[in-house]
Amino acid sequence: MEYCMRAKEVSVFYGGKEALSKVSLDFPKGAVTALIGPSGCGKSTFLRCLNRMNDLIPACRVEGEILLDNQEIMSQGMDVVELRRRVGMVFQKPNPFPKSIFENVAYGLRVNGVKDEGLIAGKVEAALNRAAIFEEVKDRLNDSALGLSGGQQQRLCIARALAVEPEVLLMDEPASALDPIATQKIEESIRELAGDLTIIIVTHNMQQAARVSDYTAFFYMGHLIETDKTDTIFTRPSKKQTEDYITGRFG
Amino acid sequence: MIKQESYIEQMIVSLRTRLLVMGASVEIAVDNMKKAVTDLNVGTAQAVIENDDDIDAMENEIDASSLALLARTQPVAKDLRFVVSVLRMVVDMERIGDECTSICSQVVLMKDGDKKQIMDYVGEHLNSATEAFRCALKLMRANNAEEALTMQHTDDEALQSEVAIIERMMRELECNDHAADHPDPVIIMHLILLVHSLTRIWRRSANIAGHIYFASLGDSLKHAPEKMKAERLHF
């Protein structure tokens, strides 16, 4: 199996407190991997390690090794801006910029130095299409992104992440603030994008993990308890802690 | 981790209770069918036939409860395996009820037959089939996966037992033309149908054991005896 990212014995400390303990997890290329577990288990902390978002948190220290196509992302030589282009991120709450729909998607391209307006227009349209929102916004690309519904704003944020052609997309509970129809559209987008893109999604919604992911990893109290194919995790998990969590028998 | 009662657990307990009630009802049908065959008792046979509608109704009720549970709680892991097993087990139990009805219909048609001769042909098979169901029910109550695996292997034994009985009947029909205890061909015809129904009860009981194993450990034993037979032949 070909892996896009590999984490080896990754630990995270906030000051003296260990939030994540020696997590080793590989992400198959083109697959969707869901990270599940109760609040505070370390799954979002782990997700943020994958594009060094934890660098922005004072007193946060990361140990271990994370490889993106065999390149160590925590090394001194890694360009963090380039890393975040290759490993994009979509957050829990849609966070469009107070700009037009078009400029939201074009933003990443401009930051990365693309100046050709024709090229930018083509890439914006392609990204909006891949995020399955182009048909809904094609006649109002110059309108403010803030006028879109919550679900549309989230898909716009996905388009914004896709415009710079990342290899990996990190999603931190991307549908938790959305209604069921908007959630379904996001999930359909995830399935459409899988194959071309490696997707790593944190979710509290067990059914969502079961629906969208190929692999699932269960975290508990800063430890990776179990990881396997999603079909296996949701039909016959090997660890009792995993079974207790996914069946709701968890205090 | 602290275990807590949840809505899904309550629904699972309720479904299990309904399954056990259905099991007890089918057990009564099997016991009465055995009495009806042993004594050629038409009254008991007719009671089994009349009560089959209740078993059918229980199957429908459990189907509806299982569907509601799936729709409302989207169970996973052991809960999902349990619901899937219940949906399979009720089909087997309902068919066992049907087989009891078929056997009792044969009893009504054989009411003037020779009790001793009939039991001589089918007594052992009757005991084995009813014991298989009793055993499956016991495993279901105890949720005993280990013994369920052993019982799954009796499927082949049921077929061999049926073949041996039919071969004996055919042999005696052909060879004892003038003997005083020559079997009545009409009774033999009823007995063949009866033996076939008993085999089905035995094999469906083995199926129930397979479902118990699946619910507990997640491994499917479907068609396992055929696979094992093929492996034996291969080597």
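Residues numbered from 1 in each chain as written. Chains lettered and ligands numbered in written order. Predicted model: local features only at pLDDT ≥ 70, side-chain atom pairs only at ≥ 80, totals over all residues. Heavy atoms only, no water.

**Some remarks on the overall build of chain B**
1) Next: Along its length, chain B carries eight helices and zero strands.
2) Next: When the helices and strands of chain B are read in sequence order from the N terminus, they spell out α-α-α-α-α-α-α-α.
3) Next: Scored against the burial criterion, the 235 residues of chain B give a buried share of 45%.
4) Next: For chain B, the proportion of contacts with a sequence separation of at least 24, taken over those separated by at least 6, is 86%. (Helix = DSSP H or I, 4+ residues; strand = E, 2+ residues; numbered from the N terminus. Buried < 20%, exposed > 50% of the residue type's maximum accessible area, 1.4 Å probe, protein only. Contact = heavy atoms within 4.5 Å.)

**Examining the interface of chain B and chain A**
1) Next: Chain B puts 16 residues into the contact, and the matching count from chain A is 15 residues.
2) Next: A combined buried area of about 1400 Å² lies between chain B and chain A, and 53% of that area is made up of carbon and sulfur atoms.
3) Next: Between Glu9 of chain B and Arg249 of chain A there is a salt bridge; the shortest N-O distance is 3.2 Å.
4) Next: In this structure, the connection of chain B to chain A is made through eight residue pairs in polar contact (both at pLDDT 80 or more). (Buried area = accessible area lost by both parts, 1.4 Å probe. Salt bridge = Lys/Arg side-chain N within 4 Å of Asp/Glu carboxyl O. Polar contact = N/O pair within 3.5 Å; in protein donor to acceptor, adjacent residues only side chain to side chain.)

**Remarks on the side chain of His125 of chain B**
1) Next: Along the chain, His125 of chain B falls in helix α4 (residues 115-142).
2) Next: Beyond its immediate stretch of four places on either side in the chain, His125 of chain B contacts Ala158, Ser161, Glu162, Ile165, Val195, Leu198, Thr199 and Trp202 of chain B.

**Some words on the UniProt feature "domain: ABC transporter" (unreviewed entry) in chain A**
1) Next: The residues that UniProt annotates with the feature "domain: ABC transporter" (unreviewed entry) are residues 5-246 of chain A.
2) Next: Counted over residues 5-246 of chain A, helix gives 38% and strand 27%. Its end C-alpha atoms are 26 Å apart. (UniProt positions renumbered as here; feature names shortened; annotations may be inferred.)

**Points about the environment of Lys17 of chain A**
1) Next: Looking at the element boundaries, Lys17 of chain A is found in strand β2 (residues 17-28).
2) Next: Look at Lys17 of chain A and you get exposed, because its relative accessible area is 58%.

**Side note on the nonpolar core**
1) Next: Counting 61 residues, the largest nonpolar core has Met33 and Leu191 of chain B as its most contacted members.
2) Next: Every element with two or more residues in this core is listed here: α1 (7-39), α2 (42-73), α3 (77-109), α4, α5 (145-152), α6 (155-175) and α7 (185-217) of chain B.
3) Next: Contact partners of Leu191 of chain B, with chain neighbours within four places excluded, come to Met110, Ile118, Tyr121, Val122 and Met169 of chain B.
4) Next: With 52 residues, the next largest nonpolar core counts Val137, Ala163, Ile201 and Phe234 of chain A among its residues. (Core = buried A, V, L, I, M, F, W, Y, C linked by side-chain atoms within 4.5 Å.)

**Examining the sheet that holds strand β7 (residues 168-172) of chain A**
Residue and element names in this part refer to chain A.
1) Next: Read from one edge to the other, the open sheet built from six strands follows the order β6-β7-β8-β3-β9-β10, with strand pairing classed as mixed. Looking along the sheet, the strands with just one partner apiece sit at the ends: β6 (87-90) and β10 (223-229). Pairs of neighbouring strands in the sheet enclose a mean axial angle of 20°, with direction left out of account.
2) Next: Both strand β3 (residues 32-36) and strand β8 (residues 198-202) contribute to a ladder of four bridges, which runs parallel. What sits directly across from Leu35, in β8, is Val202.
3) Next: Set on the sheet, helix α6 (residues 150-163) makes contact with β6 and β7; between it and β6 the angle comes to about 170°.
4) Next: Packing of helix α7 (residues 180-193) onto the sheet brings it into contact with β3, β7 and β8, and relative to β8 it is tilted by some 150°. (Pairing = 2+ DSSP bridges. Axes fitted to C-alpha atoms, helices over the stretch in contact; angles between N-to-C directions.)

**Here we look at the packing of aromatic side chains**
1) Next: Under the criterion given, the structure shown has five aromatic pairs over all chains.
2) Next: A centroid spacing of 5.6 Å and a plane angle of 40° characterise the contact between Phe46 of chain A and Phe219 of chain A, whose relative ring orientation is tilted. Here Phe46 of chain A is found in helix α1 (residues 43-49), whereas its partner Phe219 of chain A is found in strand β9 (residues 215-220), with 173 residues between them in sequence. Assigned by exposure class, Phe46 of chain A and Phe219 of chain A land together as buried.
3) Next: Measuring from centroid to centroid gives 6.5 Å for Phe218 of chain A and Tyr220 of chain A, while their planes differ by 15°, and the two rings are stacked. For the pair Phe218 of chain A and Tyr220 of chain A, a shared accessibility class is recorded, and that class is buried.
4) Next: An aromatic cluster is defined as three or more aromatic residues linked by ring pairs; in this entry it consists of Phe27, Phe46 and Phe219 of chain A.
5) Next: Between the NZ or CZ atom of Arg61 of chain A and the centre of the ring of Phe13 of chain A, over which it lies, the distance is 4.3 Å.
6) Next: When the ring centre of Phe214 of chain B is taken as reference, the NZ or CZ atom of Arg88 of chain B above it lies at 5.1 Å. (Phe/Tyr/Trp six-rings, centres within 6.5 Å; stacked < 30°, edge-to-face > 60°. Lys NZ or Arg CZ within 6 Å of the ring centre and 35° of its normal.)

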